[in-house]
Every structure is written in C-alpha cells, then in structure tokens.
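# Architecture and fold: a report
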Amino acid sequence: MADEIDLGANPENGFGDEPMPQVAIITQYVKDLSFENPNAPASLQVQGQPRIDVNVGVNARKAADDVYEVELKISAKADVDAGAAFMVELLYAGLFGLKNVPEEAIEPFCIIEGPRILFPFARRIIADAVRDGGFPPLMLDPIDFGALYMSQQGQVGNA
C-alpha cells in the first residue's frame, strides 16, 4: 500500500494555516447615467463620422468590513462640425466582498480586477444609451485596467 503524503491541505482554510482568499461580487448597479443630445434633431441628420472623446476613471472605497465599492466612470462626447452630437456619462459601481485577501492585494484588485469585471456591463449601458438617443451604438474598445494602474503607479513614483 502506498504511503499517504499530507501536504497540509485543509478544504476549509486552504494550504497550511493560511485561509484561502475569497472574492465575491455582491451586486452591481448604475449610480448615475446621463445622456444629452443638445442639438437634436439637427444632430441626428449630420452625415460623416463624429470625433469621439472618451474618458474613463476608477474609484474605490471601503464600504464595510470586507466589502469594497468600486466605481467605474465613463464619459464620452461626440462632436461634429455643427457642434456637439451627444454626450453620455455613466457612473457604474459594484460591491465586492474580499475575505482573507492580503492587504497589499486589495488596492490592485479594486483598481484592476473590479473595473475589469464591471466594464462589459457598463459598455452595454453606454451603447444602449447612445442607440436610444438616435445614434449608432457606441461600442467602446476593451480597456487594459492593469496597464492603466501600472501607468498611474509610475506617475506617482515620479512625482
């Protein structure tokens, strides 16, 4: 009979004495949504491609013990020669439960992984709002939140 080797695995708390990190999406929601079509109906009749400026921001805060709120703010403005075609702004958030997560991993999770999870839902809301405003849906390109975080960390280190 083969000898059994105990690797210290415990299904309740992971390997050894360290409990396994647990992450859960508690809920996600629209905090604020605004769509403006200031030059309608003329803006709906313009031919040609608009110039579109998109801005993205991330904010996170501790909401309760082991619960963090992550906010993803996306704003987009489309301009044509005749002026603004549309402006859309969305503040989309989620509550994440983080249990047994090392302190040094909380900020990267909230600034990289939280927004990565929320982005597809926010993208759809933006596309639907623009479409419902009478324009072709605005399909935002995927965002590399990890690269944005690293860039921000580099700027902070150089300040």
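These figures come from a predicted structure and were not determined experimentally. (Residues numbered from 1 in each chain as written. Predicted model: local features only at pLDDT ≥ 70, side-chain atom pairs only at ≥ 80, totals over all residues. Heavy atoms only, no water.)

### Topic: the nonpolar core
- Ranked by internal contacts, the top residues of the largest apolar core, which has 32 residues, are Phe 86 and Ile 126.
- For this core, the secondary structure elements donating two or more residues are strand E5 (67–80), strand E6 (83–99), helix H1 (103–132) and helix H2 (145–158).
- For this core, the leading source of residues is H1, giving 12 residues.
- Discounting chain neighbours no more than four positions away, the residues touching Ile 126 are Ile 74, Val 88, Leu 90, Leu 138 and Leu 140. (Core = buried A, V, L, I, M, F, W, Y, C linked by side-chain atoms within 4.5 Å. Buried < 20%, exposed > 50% of the residue type's maximum accessible area, 1.4 Å probe, protein only. Helix = DSSP H or I, 4+ residues; strand = E, 2+ residues; numbered from the N terminus. Contact = heavy atoms within 4.5 Å.)

### Details of the confidence of the model for the protein chain
- Per-residue confidence for the protein chain averages 87 on the pLDDT scale, and 87% of its residues sit at or above 70.
- Contacts from residues 5–9, a stretch scored under 50 in pLDDT, to residues over four places away or in other chains number 6 contacts. (pLDDT = per-residue confidence, 0-100.)

### Examining the side chain of Glu 69
- Relative to the helices and strands, Glu 69 resides in strand E5.
- On the accessibility criterion, Glu 69 (4% relative accessible area) is buried.
- A polar contact of 3.3 Å, which involves the side chain of Glu 69, links it to the side chain of Lys 31.
- Setting aside anything within four residues of it in sequence, one finds Glu 69 in contact with Tyr 29, Lys 31, Asn 59, Ala 60, Arg 61, Ala 63, Ala 93, Gly 94 and Leu 95. (Polar contact = N/O pair within 3.5 Å; in protein donor to acceptor, adjacent residues only side chain to side chain.)

### Brief notes about the sheet that holds E5
- Read from one edge of the open sheet, 4 strands run E3-E6-E5-E4, paired in antiparallel fashion. The open sheet terminates on both sides in strands that have one partner only, identified here as strand E3 (22–36) and strand E4 (51–64). Taken pair by pair, the neighbouring strands of this sheet meet at an average axis angle of 15°, ignoring direction.
- Alignment of E3 against E6, held across 13 bridges, turns out to be antiparallel. Bridging from a neighbouring strand, Glu 36 pairs with Met 87 of E6.
- Against the sheet, H1 makes contact with E3, E4, E5 and E6, and its axis sits at roughly 140° relative to E6, the strand it touches most. (Pairing = 2+ DSSP bridges. Axes fitted to C-alpha atoms, helices over the stretch in contact; angles between N-to-C directions.)

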